[in-house]
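# Inside the fold
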Amino acid sequence: MSSSLVLGQFLWHELLTSDPAGGAGFYSKVLGWNARPWDGDEAYTMLGSAAGPVGGARLVGKDPLASTAGPNWLTYVGVPDLAVALATAEGSGGRVVHPITSIPDGGRYAVITDPQGGVIGLYEPAGDMGGSSGAAAAGPVAWHELTADDTEAALEFYKGLFGWEVLDQVPMGGDVGTYYLFGIGTTQLGGAFKRAKHLPPTWPRWLVYLSVPSVTAAIAAVEAAGGQLLNGPHEVPGGAWVAQVVDSHGVPLALSGPKSAAPAVKPKAKSTVVVKPKASAKAKPKTKLKAKAKSTAKAKSKTKAKTKSKTKTKTKTKTKTKVKAKAAAVKKSAPRQPARKAKAKKKTQSAARSKARKAPRRAK
């Protein structure tokens with residue numbers, strides 16, 4: 001008996017197909033998966049990706065379960081006690097189509113149909129398996145969708161079997177009517193709506209939505225690999241895009257993800273790689289120019305000082321010489337002035353004497 005935490009969790013998926021290669025060719029081209037025989041049973045094919053196992057494949061016509069359920073993607077939901085779960089299913093109108101089967105070191109499983117014909121697997125893991133581990137085991141499946149003739153009655157059946165509750169209702173109108181969102185606690189696990197009249201009888205009651213990085217690119221890959229687009233792509237609440245397709249051997253499935261892949265982000269160049277060489281390259285010329293400028297300024301200052309000094313000395317010398325010469329001239333001419341004055345005085349005195357001689361004498 002496993003832990004009760006696995007109850008109601010989607011744990012495993014199997015491709016039931018008539019493709020002799022177990023769908024490996026188509027899903028390899030569209031999703032990049034690989035296929036190999038399982039070590040525990042070579043008749044069973046393991047499907048995987050680079051991240052690990054994504055599910056299994058059974059061949060219709062060779063495998064009893066695949067032949068009974070028909071081409072489809074079969075979903076397995078966790079239960080802590082498989083025997084109790086089967087008794088509950090049968091008591092609510094379900095039917096066992098594949099009995100309890102043990103897996104070497106892997107727990108045990110069985111397959112049932114709900115009262116309206118929906119095929120679903122029940123899985124009891126070996127040992128203690130937490131709810132988080134169970135959710136991770138669902139692999140690349142992003143969403144699970146149930147169609148039923150009476151949606152409310154179908155959800156009531158699964159509530160008694162897995163504990164699923166209706167978390168929200170979205171009015172869609174037309175043949176679809178109300179879209180029910182179900183889950184455990186506050187975690188949404190899938191959706192359910194009334195089966196549309198245009199859907200063929202082979203359309204599965206449980207449809208899986210596989211995650212893709214680009215819905216547009218995946219549709220192109222589906223068509224290139226021999227599949228067919230049925231509906232979409234169109235946007236759904238939450239921003240994701242979806243499309244319904246059939247693979248190369250007629251198995252319906254849906255794609256979910258962004259409409260186009262996100263553009264690759266170029267890593268930024270490290271600033272140290274660019275800045276460091278530039279800084280070191282500029283350092284030398286700058287220092288050299290600075291030194292040269294300093295040297296030139298110094299030389300100019302020196303020349304200026306020298307010229308100024310020389311000019312000052314020359315001017316000083318010239319001025320000094322001029323003063324000296326003037327002083328000498330003054331000194332030389334200074335004695336002449338008294339001589340002229342003396343001569344003039346003598347001349348004046350001589351004229352006075354001559355005048356006196358000519359004047360008539362008074363009588364005594």
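Scroll up for the structure.
One numbering rule holds for all chains: residues counted from 1, following each sequence as written. With pLDDT at 70 or above as the cut-off, local features in this predicted model cover only qualifying residues; side-chain atom pairs require 80 or more to be listed or tallied, and sums for whole chains, interfaces and linings still use all residues. Side-chain numbers come from the whole structure's heavy atoms, not from hydrogens or water.

### Side note on the overall build of the chain
The criterion, for reference: Segments assigned H or I by DSSP are reported as helices when at least four residues long, segments assigned E as strands when at least two residues long, and all are numbered from the N terminus. Here's how the labels work: a residue is buried when its accessible area is under 20% of the maximum for its type, exposed when over 50%, partly exposed in between, all with a 1.4 Å probe on protein chains only. In these tables, accessible area is a Shrake-Rupley quantity obtained with a 1.4 Å probe, and a residue counts as shielded only by the protein chains included in the view.
What the chain contains, in helices and strands, is eight helices and 16 strands. Per-residue burial over the chain gives 36% buried out of 364 residues. Here the chain has roughly 22,900 Å² of accessible surface; of this, 58% comes from carbon and sulfur atoms.

### A word on the pairing of strand β3 (residues 41-49)
Let me state the cut-off plainly: Two strands qualify as a pair provided DSSP detects at least 2 bridges between them.
Taken together, the five bridges between strand β2 (residues 34-38) and β3 define a ladder with antiparallel strand orientation. Its bridge partner lying in β3, Ala35 is registered against Leu47. Taking the residues between adjacent antiparallel strands as the criterion, β2 and β3 are bridged by two residues. Bridge analysis of β3 against strand β4 (residues 52-59) gives five bridges, and the strand direction is antiparallel. Residue pairing for β4: Met46 is matched across the bridge by Gly56.

### Some remarks on the packing of helix α1 (residues 24-31) against helix α6 (residues 215-224)
So the rule is basically this: Convention adopted: a line fitted to C-alpha atoms gives each axis, helices being fitted over their contacting stretch, and angles between N-to-C directions are expressed from 0 to 180 degrees. By definition in this entry, angles of less than 35 degrees are roughly parallel, angles greater than 145 are roughly antiparallel, angles of 65 to 115 are roughly perpendicular, and the rest are oblique. Two helices cross in a left-handed way if the nearer one is turned anticlockwise from the farther one by less than a right angle. They cross in a right-handed way if the turn is clockwise. By definition, residues are in contact when any of their heavy atoms lie within 4.5 Å. Polarity classes work like this: nonpolar for Ala, Val, Leu, Ile, Met, Phe, Trp, Tyr, Cys and Pro, charged for Asp, Glu, Lys and Arg, and polar for all others, with Gly in that last group.
Contact pair α1 / α6: the axes reach a minimum separation of 8 Å and the direction vectors enclose 150°. As the angle between them shows, α1 and α6 are arranged roughly antiparallel. Crossing of α1 against α6: the hand is right-handed. Residue-level contacts link Phe26, Lys29 and Val30 of α1 to Ala218, Ala221 and Val222 of α6. Looking at the contact of α1 with α6 residue by residue, the classes come out as five nonpolar, no polar and one charged.

### Notes on the nonpolar core
The condition is simple: Here, the term nonpolar core denotes a set of buried Ala, Val, Leu, Ile, Met, Phe, Trp, Tyr and Cys residues that are joined through side-chain atoms within 4.5 Å.
Of all hydrophobic cores here, the largest spans 25 residues; its most connected members are Ile112, Leu122, Tyr158, Leu161, Phe162, Trp164 and Trp206. The set of elements that each furnish at least two residues to this core consists of α3 (82-91), β7 (107-113), β8 (119-124), β9 (141-148), α5 (151-162), β11 (177-184) and β12 (187-194). When residues in this core are grouped by element, the largest group, six residues, is from α5. Apart from the residues lying within four places of it in its own chain, the contact partners of Trp206 are Phe10, Asn72, Trp73, Val119, Ile120, His144, Glu145, Leu146, Tyr158, Trp164 and Phe182. Of all hydrophobic cores here, the second largest spans 24 residues; its members include Val54, Ala57, Leu210 and Val245.

### Some points on the pattern of salt bridges
Rules: The rule for a salt bridge is simple: a side-chain nitrogen of Lys or Arg has to be within 4 Å of a carboxyl oxygen of Asp or Glu.
On inspection of all chains with the given rule, the structure shows five salt bridges. A salt bridge links Arg58 to Glu14, with the nearest nitrogen and oxygen atoms 2.8 Å apart. One end of the pair, Arg58, is in strand β4; the other, Glu14, is in strand β1 (residues 10-17), and 44 residues separate them in sequence. When its relative accessible area of 9% is taken as the criterion, Arg58 is described as buried. Taking the shortest distance from any N to any O, the salt bridge between Asp149 and Arg205 comes out at 3.6 Å. Of the two residues, Asp149 sits in the loop between β9 and α5 while Arg205 sits in the loop between β12 and β13 (206-211), which places them 56 residues apart along the sequence. A single network of salt bridges, built from pairs that share partners, joins Glu14, Arg58 and Asp63.

### Observations regarding the sheet that holds strand β5 (residues 72-78)
Strand order in the open sheet made by the eight strands is β2-β3-β4-β1-β5-β8-β7-β6, with mixed pairing throughout. Whereas interior strands pair on both sides, the edge strands pair on one side only; in this sheet they are β2 and β6 (95-103). On average, adjacent strands in this sheet sit at an angle of 30° to one another, irrespective of strand direction. Pairing of β7 with β8, which is carried by six bridges, proceeds in the antiparallel orientation.

### Details of the environment of Ala21
Counting through the fold element by element, Ala21 comes out in the loop between β1 and α1. Sequence separation of Ala21 and Thr45 is 24 residues, and the distance between their C-alpha atoms is 8.9 Å.

### As for the packing of aromatic side chains
For clarity, the cut-off: Aromatic pairing here means that ring centres of Phe, Tyr or Trp (its six-membered ring) are within 6.5 Å. Orientation follows from the plane angle: under 30 degrees is stacked, over 60 is edge-to-face, and everything else is tilted.
By the definition in use, this model includes 17 aromatic pairs. For the ring pair Phe162 and Trp164, a centre distance of 5.0 Å and an interplane angle of 45° mean the geometry is tilted. Of the residues examined, Phe162 reaches a relative accessible area of 1% and is grouped as buried. Here a set of aromatic residues connected by ring pairs shows up, and it is made of Phe10, Phe157, Tyr158, Phe162, Trp164, Phe182 and Trp206.

### Some words on the packing of α3 against α5
Running from N to C, α3 and α5 cross one another at 155°; their axes reach a closest spacing of 9 Å. Considering their axes alone, α3 and α5 lie roughly antiparallel with respect to each other. Here α3 runs over α5; the crossing is right-handed. Contact residues: α3 offers Ala85, Thr88 and Ala89, while α5 offers Phe157, Gly160 and Leu161.

By themselves, these figures tell us nothing about what the structure is for.
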